[in-house]
Amino acid sequence: MERYKIINEVGNGTFGNVWRALNKQTGEVVAIKKMKKNYYSWEECINLREVKSLRKMNHPNIVKLKEVVRENDFLYFVFEYMDCNLYQLMKDRAKLFSESEVRNWCFQVFQGLAYIHRRGYFHRDLKPENLLVSQDIIKIADFGLAREINSQPPFTEYVSTRWYRAPEILLQSPIYGPAVDMWAMGAIMAELFSLRPLFPGSSEADEIYKICSVIGTPSKREWAQGLQLASAINYQFPQIAGVDLALLIPSASEDAISLITSLCSWDPCKRPTAVDALQHPFFQSCFYVPPSLRTKTAVAKTPPAVMRGALEQKCDKWSFGSLPNPKPSSNFSTVTSKVPINTGVQRRLDMNYQEPMGSDKSLKGSVNQQPKYRPPVRNVPMVGSGVTTRAISDAAEKLANVSIGSGRGRPTKQPVFKPMKAGGWHGQHDLFHGRSQELLPGRSYSRKVAG
């Protein structure tokens, strides 16, 4: 770690501390996360969920893990540096965000989620603190609780921060999936519009009460399995009619309310997937969704016997099948340290991501062909250009026959598209700050979340 100069501490969490640091060799500013737990073997390090998931991902809306270092039994993650998180933008905000800003941020996050879910993972801890912002780019961070979609149940009861926790988790369902990320995004999207959390429960029971107060008590027709889960833990839903979301979020358009309502559905099977959300009318006016995301779906894998009984609560759209798992060597390059032995450096991994060979085409489409912003244009004919259709055709034919001897056989460099532009914020803040005890104007609750 001598290659890095610590600038200042920017976060202190349950599992580790985060510093802003400078790479002395390249001059790049990075974020270094030092884990509080000691790690006594390299295998223990590379088997961490955060490492195992991020090693398989390369997307402009997912924070980049640049390096993993184990030194003197301490583990360090070196990430790209981001200016602040989404919560920091909201907590000091006096004026509501415009709908275009909310649309741009949410569109980027849904792109990242579509990629994560297509890779066979779901995040499980989406919240404003884990959405990092630099200028007009937003990225999903903190994969410490990420889980493989096809992993075996039972799953952990406590995962995401309570205010963004899906009802099936609150009711201790032993199995859940990517739909929990979509519920969290519905709550986050509503909070971006109002600058207030949609379901600020003070306990698990109060959280369910807050949800019922907004979207109403679920009926057997709406979510039969939810009533079974509640009965299994001797819980009885409060009988509340709910309210119109348009009254709670008056600044949101009809399309925005429609998307939030569908994301915050009691039944996980009725929530849209990330790909579905990208095609919602809320996004159609400004953004282009590539055909690879519109039409291609993965083939569902036959589940193991232990899962078959639980599949009654899962929808076909959430079955992503089995994705090829590349060998660790294809995504990591093990670097032999050249520093003296007495420095205590055990092993260092550079994150040199390569697209795994044999991956399905739908994945490649989502990685290499990122959705691009296409502003509306008119079909105006070219006048006075002197270029005819025939000339264009002839030129294309000539170019197709051109061969370059010295370059033949070299791999073609894939174009790297810039991620979608988010709203017009250009401030400078620190990274990974936890939620403070400051209250937004008009709030009568504490931002601190326990349990």
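Residues numbered from 1 in each chain as written. Predicted model: local features only at pLDDT ≥ 70, side-chain atom pairs only at ≥ 80, totals over all residues. Heavy atoms only, no water.

Colleague: Let's hear about the overall build of the protein chain: which residues, and what values?
Modeller: Across its full length, the protein chain carries 17 helices and 12 strands. Considering the protein chain as a whole, with its 451 residues, one finds that 50% of them fall into the buried category. Considering only residue pairs separated by 6 or more positions, the protein chain has 71% of its internal contacts joining residues 24 or more positions apart. Of the accessible surface of the protein chain, which amounts to about 22600 Å², a share of 53% is contributed by carbon and sulfur atoms. (Helix = DSSP H or I, 4+ residues; strand = E, 2+ residues; numbered from the N terminus. Buried < 20%, exposed > 50% of the residue type's maximum accessible area, 1.4 Å probe, protein only. Contact = heavy atoms within 4.5 Å. Areas by Shrake-Rupley, 256 points an atom, 1.4 Å probe, with all protein chains shown as cover.)

Colleague: Requested: an account of the pattern of salt bridges, with residues and values cited.
Modeller: According to the stated counting rule, one finds 12 salt bridges in the structure shown. Here R70 and D73 are joined by a salt bridge, their closest N and O atoms 3.1 Å apart. Residue classification places R70 among the buried residues on the basis of a relative accessible area of 7%. Residue classification places D73 among the partly exposed positions, given a relative accessible area of 25%. A salt bridge links K139 to E80; its shortest N-O distance comes to 3.0 Å. (Salt bridge = Lys/Arg side-chain N within 4 Å of Asp/Glu carboxyl O.)

Colleague: Now, about the packing of helix α6 (residues 179-194) against helix α10 (residues 254-263): what can you tell me, with residues and values included?
Modeller: Where α6 meets α10, the closest approach of the two axes is 8 Å, and the angle between their N-to-C directions is 145 degrees. Judged by the sense of rotation from one axis to the other, the crossing of α6 with α10 is left-handed. Facing α6, whose interface residues are M182, W183, M185, G186, M189, A190 and F193, α10 presents A256, L259, I260 and L263. Of the residues in the contact of α6 with α10, the class split is 10 nonpolar, 1 polar and no charged. (Axes fitted to C-alpha atoms, helices over the stretch in contact; angles between N-to-C directions. Left-handed = near helix turned anticlockwise from the far one by under 90°. Nonpolar A, V, L, I, M, F, W, Y, C, P; charged D, E, K, R; others polar.)

Colleague: Any chance you could break down the sheet that holds strand β8 (residues 131-134) for me, citing the residues and the numbers?
Modeller: With respect to topology, 3 strands assemble into an open sheet ordered β6-β8-β9, the strand pairing being antiparallel. Looking along the sheet, the strands with just one partner apiece sit at the ends: β6 (84-85) and β9 (137-140). Pairing analysis gives 4 bridges linking β8 to β9, with the strands arranged antiparallel. Looking at the pairing, S134 lines up with I137 of β9. On top of the sheet, helix α4 (residues 99-118) reaches β8 and β9; it is set at about 35 degrees to β9, its chief contact. (Pairing = 2+ DSSP bridges.)

Colleague: I'd like a description of the UniProt feature "binding site: ATP" (unreviewed entry) in the protein chain, backed by residues and values.
Modeller: Per the UniProt entry, the sites bearing "binding site: ATP" (unreviewed entry) are K34 in this numbering. Tracing the sequence through the fold places K34 in strand β3 (residues 29-35). The residues touching K34, leaving out its near neighbours within four places in the chain, are F15, G16, N17, W19, F74, L75 and Y76. (UniProt positions renumbered as here; feature names shortened; annotations may be inferred.)

Colleague: So what's going on with the environment of G242? Which residues, and what values?
Modeller: Looking at where G242 falls in the secondary structure, it is placed in the loop between α8 (220-232) and α9 (245-248). C-alpha separation for the pair G242 and S213, spaced 29 residues apart in sequence, amounts to 4.9 Å. Once you skip the residues sitting within four places of it in the chain, G242 turns out to touch C212, S213, V214, I215 and G216.

Colleague: Mind laying out unusual backbone geometry, listing which residues take part and the relevant values?
Modeller: Residues apart from glycine generally show negative phi values, whereas peptide bonds are mostly found in trans. Positive phi is not limited to glycine here, since D142 has a value of about 60 degrees. Looking at the secondary structure, you find D142 in the loop between β9 and β10 (147-148). Classification of D142 as partly exposed rests on a relative accessible area of 28%. Positive phi, close to 60 degrees, is recorded for N234, a residue that is not glycine. As for its position among the elements, N234 is in the loop between α8 and α9. Among the residues examined, N234 registers a relative accessible area of 75% and is labelled exposed.

Colleague: Can you break down α8 residue by residue, with the values?
Modeller: For α8, which comprises 13 residues, the first-to-last C-alpha distance of 15 Å sits more than 12% below the rise-based estimate of 18 Å (1.5 Å per residue). Of all bends in α8, the biggest is about 45 degrees, found at G226. Residues of α8 that are buried include every one of W223, G226, L229 and A230, and no others. Contacts from the buried residues of α8 go to α5 (167-170). One or two residues past the end of α8 sits N234, with phi positive at roughly 60 degrees. (Expected span 1.5 Å × (residues − 1). Bend = angle between axes of the 7 residues up to and from the residue.)

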